[in-house]
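Here is what each chain is made of, one letter per residue.
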Amino acid sequence: MKRQDRLLGGLMGMSMGYSIGQALHEGSLKLDEVKDPGSHLRLPPMSPDLRYLLDLSKEYLQGQIPSPAKRQTLLLDHYLDQTLLVGPQTERVVDRLEEAVEAAKAAASQPNDEDETALEPETPEVEQLARQVWEESRRQAAGSGGLKRSLLVPFFCHEDLSRLEKETAILCKQTHPDQRCVDASLVASRLLRMLIADQWHGHRHTALCLVGIGPTVTQSLQSAPLLPLQALSPNGYVVTSLQASYRALLLEDPPPQRMIALWQCGGPSATLGMLAGAFLGARYGLDVFPQAWFALLPAASTWRAIASTIPLSPAQTTLQA
C-alpha cells in the first residue's frame, strides 16, 4: 500500500471516528445504527475539536509551523464559550487565555506619560497558563484534550521525527501539561508515524514508541495484549483511552468490528473513535471502513482533499524509527 493511501486512511479514519464517537456520546446516533448504517442517519454538527483540526491542517499545508500567536488564536476561535463540548481543563485554559489577552489589550491602550519607550505588555504564553491551571487543580488529572489536538501532527511531520516530537509536545502542553498527557501524545504520534511508513507489524514493534516514555503510559501499553478488550475500562483519561484504542489495533477482527467493540467498552467514545480510526486507517487504508460511515463526517470532502494534498518528500521513501 502506498504511503499516500495510509495518510488518507489515517486522517480520514481519525476524523470519521471522532465524528461518529461524538454522535454516540450525544445520543444522536445509536450503536445499532453504526453496525447497520442506513440513509436515515443524521449528520452530526461540526465539533470544536474538528473545526480546530481542520484549520490547523490548513496551517500545516502552507509548510510552516504555526506560531504561538496563531495557536492561541485557534484556541480562542474554536473553544471559547463551548463549555458543553470541551473538557474542563481546556475550558479553564481558554477562559484564562481570554482574560490575559483582554488585559494585555487594555494595558496597551493606556497612555504612558512617564516612559514613552516602555514595552507593551505581552500576553502570557498559553503553555504557562495551562501549567498554572493544572497546578491549581486539586486532582491534576490527565485528560485527553491535548492528545486529540496533537494527533494531527504525524500526518504532516512523519518524515521528520525531531519535528514530529517537538510539535506533538507543543500542541499537547498548550492545554494539558501533565507528563502522562505528553507521554501518551508522543506514543500515539510515534505509532502513527510507524504505521504510515509501514514499519509496524505487531506489538513487538511498539517498543520503539516507548523509548523515554514514563512508566504509567509504558505499563499500560505493555499490558494491553495480555487483556481482552472487554476487560479494559477507558474512563475518559488519556492513558486508558490510549490503552484501549491500541488494544483494538491488535485485534484480528475486521477494522469496523474492532471499532464497534471499542465503543461497546463505554468511556469517551469520541476520543476512542479518533484514536482507533487513525490507527486502523493508517494500518489498512481507507477502504476498510464502510462508506456510509463517512456520511457522518462533517466536511468529509474537505478532509479528503487535505489528506490527498499532503506533500511527500521523494528523497525520504523509507523512515528510520
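Each remark here, short or long, concerns the structure printed above.
Structure report, in brief.

About the criteria used
- Counting restarts for each chain: residues are numbered from 1 in the order of the written sequence.
- Thresholds applied to this predicted model are a pLDDT of at least 70 for local features of residues and 80 or more for the giving and counting of side-chain atom pairs; totals over whole chains, interfaces and linings are not thresholded and use all residues.
- For the side-chain quantities, the full set of heavy atoms in the structure was used; hydrogens and water were omitted.
- Put simply, DSSP H or I for four residues or longer makes a helix, DSSP E for two residues or longer makes a strand, and each gets a number counted from the N terminus.
- Here the globule rule is a power law, 2.2 Å times the number of residues to the power 0.38, and the radius of gyration is based on C-alpha atoms.
- A simple rule labels every residue: compare its accessible area, found with a 1.4 Å probe on the protein chains alone, to the largest value its type can have, and call it buried under 20%, exposed over 50%, or partly exposed in between.
- Two residues form a contact once any of their heavy atoms are found within 4.5 Å.
- In this description, accessible areas are obtained by the Shrake-Rupley approach with a 1.4 Å probe, and a residue is regarded as covered only by the protein chains that are shown.
- The length a helix should cover is 1.5 Å for every residue beyond the first.
- Inter-axis angles, ranging from 0 to 180 degrees, are taken between N-to-C directions of lines fitted to C-alpha atoms, where helices are fitted over the stretch in contact.
- We call a crossing left-handed when the near helix sits turned anticlockwise from the far one by less than a right angle, and right-handed when that turn is clockwise.
- Ten residues, namely Ala, Val, Leu, Ile, Met, Phe, Trp, Tyr, Cys and Pro, are considered nonpolar, four, namely Asp, Glu, Lys and Arg, are considered charged, and the remaining ones, Gly among them, are considered polar.
- Pairing of aromatic side chains here covers Phe, Tyr and the six-membered ring of Trp, requires ring centres within 6.5 Å, and sorts the geometry by plane angle: under 30 degrees stacked, over 60 edge-to-face, intermediate tilted.
- Only when the NZ atom of a Lys or the CZ atom of an Arg is both within 6 Å of the ring centre and within 35 degrees of the ring normal do we say a charge sits over the ring.
- The arc in question is formed by the directions pointing from the helix axis toward the C-beta atoms.

A tally of helices and strands in the protein yields 16 helices and 0 strands. In terms of overall size, the protein behaves like a compact globule, its C-alpha atoms giving a radius of gyration of 20 Å where 321 residues would be expected to give roughly 20 Å. Structurally, the protein occupies a C-alpha span of about 70 × 45 × 40 Å along its principal axes. When burial is assessed residue by residue, the protein has 53% of its 321 residues classed as buried. Sequence separation of 24 or more characterises 74% of the internal contacts of the protein that already satisfy a separation of 6 or more. Accessible surface, the protein as shown: approximately 14,500 Å² in total, 49% of it carbon and sulfur.

To continue, consider helix H1 (residues 3-26). Here H1 spans 34 Å end to end across 24 residues, near enough to the 34 Å set by a 1.5 Å rise per residue. Judged by how many residues are buried, H1 sits mostly within the fold: 20 of 24 residues are covered. Gly27 sits one or two residues past H1 and shows a positive phi near 85°.

Right, let's get into the packing of helix H12 (residues 238-250) against helix H14 (residues 269-284). Direction vectors running N to C along H12 and H14 enclose 35°, while the axes themselves pass 9 Å from each other. Between H12 and H14 the crossing geometry is right-handed. Between H12, through Ser241, Leu242, Ala244, Ser245, Tyr246, Ala248 and Leu249, and H14, the contact on the second element is made entirely by Thr271, Leu272, Leu275, Ala276, Phe279, Leu280 and Arg283. A class-by-class count of the residues in the contact of H12 with H14 yields 10 nonpolar, 3 polar and 1 charged.

Next up on the list: the packing of aromatic side chains. Summed over the entire model, instances satisfying the criterion amount to 5 aromatic pairs. Taking 6.0 Å as the distance between ring centres and 55° as the angle between the ring planes, the aromatic pair formed by Trp263 and Trp293 counts as tilted. Taken together, the residues Trp263 in helix H13 (residues 255-263) and Trp293 in helix H15 (residues 291-294) connect sequence positions 30 residues apart. Note on Trp293: relative accessible area 1%, which makes it buried. Centroid distance Phe289 to Trp293: 6.4 Å. Interplanar angle 25°. Geometry classified as stacked. In this pair, the class of Phe289 matches that of Trp293, namely buried. What links up through ring pairs into an aromatic cluster is the set Trp263, Phe289, Trp293 and Phe294. Between the NZ or CZ atom of Arg149 and the centre of the ring of Tyr79, over which it lies, the distance is 4.8 Å.

Attention shifts here to unusual backbone geometry. The phi angle at Asp198 is positive, at roughly 55°, despite the residue not being glycine. Positionally, Asp198 belongs in the loop between helix H10 (179-196) and helix H11 (215-223).

Here we take up the side chain of Gln22. Relative to the helices and strands, Gln22 resides in helix H1. Classification of Gln22 by relative accessible area gives buried; the value is 7%. Contacts of Gln22, omitting those with residues within four sequence positions, involve Pro45, Ser47 and Ala270.

Across its 12 residues, helix H4 (residues 68-79) extends 16 Å between first and last C-alpha, which sits within 8% of the 16 Å expected from 1.5 Å per residue. Along H4, the residues that are buried comprise Arg71, Gln72, Leu74, Leu75, His78 and Tyr79. Angular distribution of buried residues about the axis of H4 spans 160°; they occupy a single face of the element. The exposed residues of H4 that point more than 90 degrees off its buried face are Ala69 and Asp77. Looking at the buried positions of H4, the neighbouring elements they touch are helix H3 (48-61), helix H5 (88-109), helix H6 (126-136), helix H7 (145-150) and helix H9 (161-173). Just downstream of H4, Asp81 is the residue with a positive phi angle, here 65°.

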